[in-house]
Amino acid sequence: MLLSSLEDKHPTLVLVRTVEGSIIGGYSTAAWYRSAKFFGGGEEGGGSSCVFSLHPRACVFPSTGFNENFQYLASGCTVNPNGVGLGGARVGNFALFISASLDAGHSFPSATFNNLHLHGGEGSAFGVDVVEVWCPSSALEGEGEGGRCNVLQNEKFKADQVILGLAGKFQGHNERA
């Protein structure tokens, strides 16, 4: 269900709470499509992607530009893993990966984001407790003067403010070009 729900969506914010209690995730800007290889680079616009950890430590790892291995979405594969992945040097060693069954995942250090293991547990594997995927683009349409404003100022985005604040990315003021 998650895999088909992601198709053609962008941008997306993926949040994972592991069974060990870590909160990790990733943000991707390119549209998702099924592929047994990485995508999201070049004209697809994945260069603004990042992975992050919010608990037990808050760290954000933006794209390094080293490679264009931003996104991965596969199902029905017999050789490559089935699930959702962000970053990595090769398929199978992702900065963040969630299996199609939504019960397990892994996080390896990657050159795509120059990240460490995102979760607080030992090793690269983790059990998945909860997965949330947000597609914030619809909330941005038609807000404020000329369609531009900081939508996170709205009270209905209080949870977003907290998450971005923990990651050091929310300034709490409007920025106009």
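If you're wondering where the values come from, they're calculated on a predicted model, not measured in any experiment.

## Side note on the overall build of the protein chain
No. 1: For the protein chain, the helix and strand inventory stands at three helices and 10 strands.
No. 2: Element order for the protein chain, N to C, with α for helix and β for strand: α-β-β-β-β-β-β-β-β-β-β-α-α.
No. 3: Looking at the 177 residues of the protein chain, the share that counts as buried comes to 40%.
No. 4: Summed over all atoms, the accessible surface of the protein chain reaches about 9,100 Å², with 52% contributed by carbon and sulfur.

## Considering the packing of aromatic side chains
No. 1: With the rule as written, the count across this model stands at seven aromatic pairs.
No. 2: Centre to centre, the rings of F70 and F113 are 6.4 Å apart; their planes meet at 55 degrees, and the pair counts as tilted. Taken as a pair, F70 in the loop between β5 (59–62) and β6 (71–74) and F113 in the loop between β9 (104–106) and β10 (125–134) lie far apart in primary sequence, 43 residues in all. The same class applies to F70 and to F113, which are both buried.
No. 3: Taken together, F38, Y72, F94 and F97 form an aromatic cluster joined through their ring pairs.

## Notes on the nonpolar core
No. 1: Membership of the largest hydrophobic core comes to 21 residues, with the highest contact counts inside it found for V16, W32, V51, L73 and V84.
No. 2: Where this core is concerned, the elements lending two or more residues are α1 (2–6), β1 (12–18), β7 (83–90), β8 (93–99) and β10.
No. 3: Those residues in contact with W32 that lie beyond four places of it in its chain are L6, E7, D8, K9, T12, F39, Q71, Y72, L73, V84, G85 and L86.

## Re the pattern of salt bridges
No. 1: This structure, assessed with the given rule, holds two salt bridges.
No. 2: Between R34 and E7 there is a salt bridge whose closest N-O contact spans 3.0 Å. Residue R34 is found in the loop between β2 (23–28) and β3 (35–39), and its partner E7 is found in the loop between α1 and β1; the two are separated by 27 residues along the sequence.
No. 3: By relative accessible area, which is 28% here, E7 ends up partly exposed.
No. 4: With a closest N to O distance of 2.9 Å, R17 and D129 form a salt bridge. With a gap of 112 residues between them, R17 in strand β1 and D129 in strand β10 connect regions that are remote in the sequence.
No. 5: In this structure R17 comes out as partly exposed when scored by relative accessible area, which is 39%.
No. 6: Under the relative-accessibility criterion, D129 is labelled partly exposed at 42%.

## Overview of the pairing of β6
One face of the sheet, then the other: side chains in a regular strand alternate in exactly this way.
No. 1: Neither face of β6 is exposed, since Q71 and L73 on one face and Y72 and A74 on the opposite face are all buried.
No. 2: Pairing analysis gives two bridges linking β3 to β6, with the strands arranged antiparallel. Residue pairing for β6: F39 is matched across the bridge by Q71.
No. 3: As judged from the four bridges shared by β6 and β7, these two strands associate in the antiparallel manner. Residue pairing across strands places Y72 opposite G85, the latter belonging to β7.

## Focus on the pairing of strand β4 (residues 50–55)
No. 1: Counting buried positions along β4 gives five out of six residues, so the element sits mostly inside the fold.
No. 2: Here four bridges tie β4 to β5, and the two strands are oriented antiparallel to one another. Residue pairing across strands places V51 opposite F61, the latter belonging to β5.
No. 3: The antiparallel pairing of β4 with β5 creates a hairpin that spans three residues between the two strands.

## Regarding the side chain of H119
No. 1: Mapped onto the secondary structure, H119 falls in the loop between β9 and β10.
No. 2: Side-chain polar atoms of H119 contact the backbone oxygen of G123, separated by 3.2 Å.
No. 3: In this structure H119 touches T18, S22, I24, R57, S107, S124, A125 and F126, once residues within four positions along its chain are discounted.

Conventions and cut-offs
- Residues numbered from 1 in each chain as written.
- Predicted model: local features only at pLDDT ≥ 70, side-chain atom pairs only at ≥ 80, totals over all residues.
- Heavy atoms only, no water.
- Helix = DSSP H or I, 4+ residues; strand = E, 2+ residues; numbered from the N terminus.
- Buried < 20%, exposed > 50% of the residue type's maximum accessible area, 1.4 Å probe, protein only.
- Areas by Shrake-Rupley, 256 points an atom, 1.4 Å probe, with all protein chains shown as cover.
- Phe/Tyr/Trp six-rings, centres within 6.5 Å; stacked < 30°, edge-to-face > 60°.
- Core = buried A, V, L, I, M, F, W, Y, C linked by side-chain atoms within 4.5 Å.
- Contact = heavy atoms within 4.5 Å.
- Salt bridge = Lys/Arg side-chain N within 4 Å of Asp/Glu carboxyl O.
- Pairing = 2+ DSSP bridges.
- Polar contact = N/O pair within 3.5 Å; in protein donor to acceptor, adjacent residues only side chain to side chain.

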